[in-house]
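Inside the fold
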Amino acid sequence: MTELSKQYDPRTVEPRSTERWLEAKAFAAAPKAGVTPYVIMMPLPNVTGALHMGHAIDNVMQDLLIRWHRMMGDNALWMAGTDHAGIGTQAVVEKRLFELEGKTRHDLGREALVQRIWEWKGQYQERIVRQQQAMGCSCDWDRQRFTMDAMCARSVRRMFFAMFRDGLIYQGHRLVNWDCQLQTAVADDELYKKAVQGHFWHLRYPVIDPQPGEPTHIVVATTRPETMLGDTAVACHPDPAAALTAATEQARAKLDAAPAKERDEAAAELERLQERAKTHLPQLQTIAAMARNGRQIMLPLQERTIPILLDEWAKPELGSGCVKITPAHDPNDYDVWQRHRDEIDAINVLEADGKMSAAAGADYAGLDRFAARKRVVADLDARGLLDRVEDRTIEIDHSDRSKTIIEPLLSKQWFVRMGDVEGGVLMGRGTEREFRAPGLAQAAIDACDPSWRSASGRQVAFHPDDRYRRTYIAWLAEKRDWCISRQLWWGHQIPVWRGEVQRQQLLILEGLVQPWLSRDDVTAWLALPDGRRLEPTAAFAALREDESIARADVLVCFRDEGPEAEVAPMLRAAGLEPDPDVLDTWFSSALWPHSTLGWPDPATAELDPGQSPVAAIGDAPDCLSYFYPGSCLVTARDIITLWVARMVLAGLYNLGDVPFTDVFIHANILDGKGERMSKSKGNGIDPVDIIERYGADAMRYVLCELQTGTQDVKLPVQVDSPFSNQPVDLAKAKHGRSIFTYLCPETGKEFDVIGTVDGVPKANPYSERFEIGRNFCNKLWNSARFALLNLEGVPFAPRARADLALEDRWILSRLSRARDEVQRQLEAYNPSAALNAARDFFWNELCDWYLELIKPRLRDGAERGQAQQLLATVLDQILRLLHPFVPFVTEEIWGQLRAAAPTRGVDRALPDAELVIRAAWPEARPDWVDADAERTLEQVHDVVTAAREIRARYQVAPSQRVPVVLVAPADRRATLEGAATTLIGRMCGAESVELTDQAPRGKDAATAVVGDVEIFVPGVVDVEAERRKLEKQREQLTARIGGIDKKLANEGFVAKAPPAVVERERQNLAGLRTQLEALEETLRALGDGD
RNA sequence: GGGCGAGUAGCUCAGUUGGUUAGAGCGCCUGCUUUACACGCAGGAUGUCGGCGGUUCGAGUCCGUCCUCGCCCACCA
């Protein structure tokens, strides 16, 4: 037997456990007919950088579930991998390229830049995997995937093709959030708001040929004057009087309901609106009338006539009451345009790089938008067309990736139709679970409706409560089309050839391409200038029929790469080009739960070297049919809409079934200030820093303990300053030059907590909260050490419960209950409660009581064997219960325990396994529950605690044995006699324990009363102190008795409370009265000597 | 503006369908090199359950209202 060191050292133990697991391929999962699979798909970390504590809690929760299910006998697969994170990764690499080499992506070119990004990806993927392995993540590393590897790429292409064929993917002009720096569209959730000091310019647009009584100018206001160059109208409300009245009424209602402190503000608002009816309304009505008469405005600088539109978007209560309309650069104006398509156009005055386009006019084209803004303002001012300028703080959208201001821009993008479609959408085409859904979003909504079931009987449920189901549904219910194109270089290129082809060319080509276009694995659409979108056959027919059709936009999508390559030269010759855009990252991550399993066809899926096969082998089914649908998706709530919803709809669309049945939403990790840890905020800390200091188990223990409900977790972070060596609280410290650096409060010098800033010393962050976990591991280690020191020659013999000692029956009873509680809480997705149940049993019952109780037996020849056997068994069981939480230390101890006690068990041998990771989860043992033993031990506990309190009060040295006299009524004495008395003596350092019905004579005894038992410790004195203590206790007792008396005297209580509750109160009262009697008896005994 | 959540011991948090004296860990106080563990052991102190009002025999728990904090969504010419 190896001697265990006195202090647990995770640095030596953790690598050893890891090695054992990897060597035994303990994380690997392969399809096996007849065994239930349990599958978790890891939320893919982005390869933009290293993991922080937010990822750690996510990974630890998954590992907890996976290890638990593995022990329960499920075939547990945890699929790991990383996400290429298109825009994020490209932005990081581009930024470095510029900082280190002063180059832009255009200097490098597409191919070279992508090559750079692959290198970056390799580096970070490796780091991420190292971090996860350090945490103990038991992923099947031989199945690790990347969203851009061959297997996943094929799936992406397949889904795109299917959706394109089904008409669910279309190309359209839409207003998108444009990042002028990265020159790509970005999603709404990739934006953040930032308050910027700006201005509000009021511009005067001349009315053409004003009539008497009509205004000569219409005033409109904007924060972005340069966009006026793209104005195509001015709008006015069709019924300004009614709208203003409505607004006034609303303001009045608000004033009536306003709380005191908002009253003034509400009153002022009401007054302002009432005033407006006089100042603005007449003119607005005039303008509305002018609009009806088709009067025109002269757009200054452009010298273009534009109409006055009547549209409700123009609010009479705001600004001048009129609003300029720039459909190509403002979302609301875009909507106005949609309502007035036949009256106005959209003019795009911006280029992709943020410079003004030719459409802005010769004076402005080529100017950066901010320079153009100044120029436009100056030019208008020079013409006397600038009414006034206000200073204003404006909340402006910024791009999360480039940190630059976003411009709304009209551009051509690819979309997935989320809404309902005429005739519905065929989900799971060609599978046995095929069904028809109204639309993609609706299908995903239905999937978590409790009344819905897929053909496999599955649906999606959220945990720990269904609060987040509402988030999910609310988002999907908008059914907003999903913009899937990004103008990036890093990602899955959109597999479409497109081009504008002239009529003549098309007709020449028809014969050539038609055979191709009629194939199953090719889909083409031809968009005619009149807006019709037709299949090739219909389109060619239309072309022949109508000679006025001059050209068509041709879009061709190939299902597979091979045929595409074959036809490519022909397509090129016809003037088609591959679409340069790439797909939104979420398009590929939506497929993660099945693309990683080889969909659409595991038999032909392409693997990276060394990876486990996904195809069927012999009798074993293939991975896709065996592991899909998966079990549980573990994630933080911010990703519900972005990812969870899209995985559900992609799974339903491709396979006709949900990707998982449960979604476990865990807490977010916040820093000491209460802000969410994230890479971009710079407040994330590397789990490896914590592991190095406290151990991985300690970190896992604390993260599990913190995972209570959905309460977010604050994790105050400190570092020791590399300059003063003093602890620095990062929540209070000032930042240095970057968000990753801080200033030492003593010296004012700068240090770095991540290690990214050159020339600044690195300080390792830590958090004292993890000491709890470290202490726990040490306790576990030492309890095992104690056991192992005492297990030499441990026998195994089946033992009947009747033959066991009182404390043995007690600990088995408590173990049985603890096991059930851990199980119950894990099933309820409550890791904290599960861990605490295991902890409380282990620490408070096993260590504090059982180990102490059996120490004498371990030294006693006759009783030693049984005590050893029980000790080995209980240790075995607690190691199994704790393994999913703290895998490393339990694995190490398990090895030692098996060496010392090859067979463990009480009535029969427990199932054994070489590694605890593969050991069977403790089975329920209701037959071990022993209510009598529990009651007796509870009394022993109470008496011992009281006796110890006496010892502490009189500062009796631990080594000093004292006599203890227990005075109790006959029935109580019957319980405490024998074994219990022995245990009491053992636990409170008694010289002797006397059980009697007679208080000892003399008053030189310290006393305590527990229930109906009086405790005397003769020989320690301070009669007055004793009396005071007992009198205080009597006072409290009397008060409580009074309270219950009153309650029971209350007719309402007796009549209306459940009988069981009333009965309990009566019992309680009786108990308290007995206790009071005993107390008074003790007081009398004290008084005897007076 | 709409929605969701939180407020319990000095700190971080539990507290099941209302029902004994509201709990844990950390911290604090006292004592202890008790043969596994001082990262430990034994003992102890600590609460206007955010405020007010209501329902109820009974409220930390249910309802109303107000205060404070956080998050999500929408909008901002």
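The structure this text deals with has already been given above.
Report follows, based on the coordinates. Here the structure is a predicted model, which is why all the values come from computation and not from measurement.

On to the overall build of chain A. Helices and strands together make up the secondary structure of chain A, namely 33 helices and 38 strands. Seen through its C-alpha atoms, chain A measures out along the principal axes to roughly 120 × 80 × 65 Å. Here chain A holds 1090 residues, and 54% of them are scored as buried. Once local pairs closer than 6 in sequence are excluded, the contacts in chain A between residues at least 24 apart make up 76%. For chain A, the accessible area works out to roughly 46,800 Å², and carbon and sulfur atoms hold 48% of it.

On to the pattern of salt bridges. Under the criterion given, the structure shown has 66 salt bridges. A salt bridge links R433 to D657; the shortest N-O distance between them is 3.8 Å. With a gap of 224 residues between them, R433 in the loop between β15 (420-427) and β16 (435-439) and D657 in the loop between α20 (640-655) and β27 (662-666) connect regions that are remote in the sequence. Here R433 matches D657 in class, with each residue buried. The residue E1065 makes a salt bridge to K1047 at a minimum N-O spacing of 3.4 Å. In this pair, E1065 is assigned in helix α33 (residues 1059-1087) and K1047 in helix α31 (residues 1023-1049), connecting sequence segments 18 residues apart. Under the relative-accessibility criterion, E1065 is labelled buried at 15%.

Next up on the list: the protein's contact with RNA strand B. Taken together, 53 residues surround RNA strand B, and among them F200, A221, N332, R1040 and K1056 come closest. Within 4 Å of the protein, the contacting atoms of RNA strand B are drawn from sugar and phosphate to the extent of 57%. In this structure, R769 approaches RNA strand B through a side-chain N or O atom, which is 2.7 Å from a sugar or linking oxygen. Residue N775 places a side-chain N or O atom 2.8 Å away from a sugar or linking oxygen belonging to RNA strand B. At nine residues, helix α23 (residues 771-790) tops the list of elements feeding residues into the surface near RNA strand B. For the surface near RNA strand B, a count of residues per class yields 17 nonpolar, 15 polar and 21 charged.

A few words on the nonpolar core. One finds M53, L65, M699, F751, L791 and I1015 to be the most contacted residues of the largest nonpolar core, which totals 148 residues. Residue contributions to this core peak at 14 residues, all from helix α25 (residues 831-859). Residue contacts for L65: discarding those within four places in its chain leaves Y38, I40, C632, V634, F664 and Y829. L44, C152, V156 and V425 belong to the second-largest nonpolar core, a separate cluster that totals 75 residues.

Another aspect to go through is the packing of aromatic side chains. Across all of its chains, the model carries 22 aromatic pairs by this definition. Ring geometry for W21 and F888: centres 5.1 Å apart, planes at 45 degrees, overall tilted. A residue pair is termed long-range when its members are at least 10 positions apart, and W21 in helix α1 (residues 10-23) and F888 in helix α27 (residues 887-900) qualify at 867 residues. On the basis of relative accessible area, W21 is assigned to the buried category, the value being 1%. What makes F888 buried here is its relative accessible area of 1%. Of the aromatic side chains, those joined through ring pairs into one cluster are F160, F164, W414, W482 and F587. Across from the ring centre of W489, 5.0 Å away, lies the NZ or CZ of R105, which sits over that ring. One Lys or Arg, K121, reaches over the ring of F146 and ends 4.2 Å from the middle of that ring.

A few words on the sheet that holds strand β23 (residues 551-558). With antiparallel pairing, the five strands of this open sheet are ordered in space as β22-β21-β23-β20-β24. Strand pairing shows two members of the sheet lacking a second neighbour, β22 (533-534) and β24 (577-578), which therefore form its edges. Pairing geometry for strand β20 (residues 496-502) and β23, over seven bridges, is antiparallel. Following the sheet pairing, V501 is matched in β23 by A552. Sitting on the sheet, helix α14 (residues 503-517) is in contact with β20, β21 (522-527) and β23, with an inclination near 145 degrees to β20.

The rules we used
- Residues numbered from 1 in each chain as written.
- Chains lettered and ligands numbered in written order.
- Predicted model: local features only at pLDDT ≥ 70, side-chain atom pairs only at ≥ 80, totals over all residues.
- Heavy atoms only, no water.
- Helix = DSSP H or I, 4+ residues; strand = E, 2+ residues; numbered from the N terminus.
- Buried < 20%, exposed > 50% of the residue type's maximum accessible area, 1.4 Å probe, protein only.
- Contact = heavy atoms within 4.5 Å.
- Areas by Shrake-Rupley, 256 points an atom, 1.4 Å probe, with all protein chains shown as cover.
- Salt bridge = Lys/Arg side-chain N within 4 Å of Asp/Glu carboxyl O.
- Near = heavy atom within 4 Å.
- Polar contact = N/O pair within 3.5 Å; in protein donor to acceptor, adjacent residues only side chain to side chain.
- Nonpolar A, V, L, I, M, F, W, Y, C, P; charged D, E, K, R; others polar.
- Core = buried A, V, L, I, M, F, W, Y, C linked by side-chain atoms within 4.5 Å.
- Phe/Tyr/Trp six-rings, centres within 6.5 Å; stacked < 30°, edge-to-face > 60°.
- Lys NZ or Arg CZ within 6 Å of the ring centre and 35° of its normal.
- Pairing = 2+ DSSP bridges.
- Axes fitted to C-alpha atoms, helices over the stretch in contact; angles between N-to-C directions.

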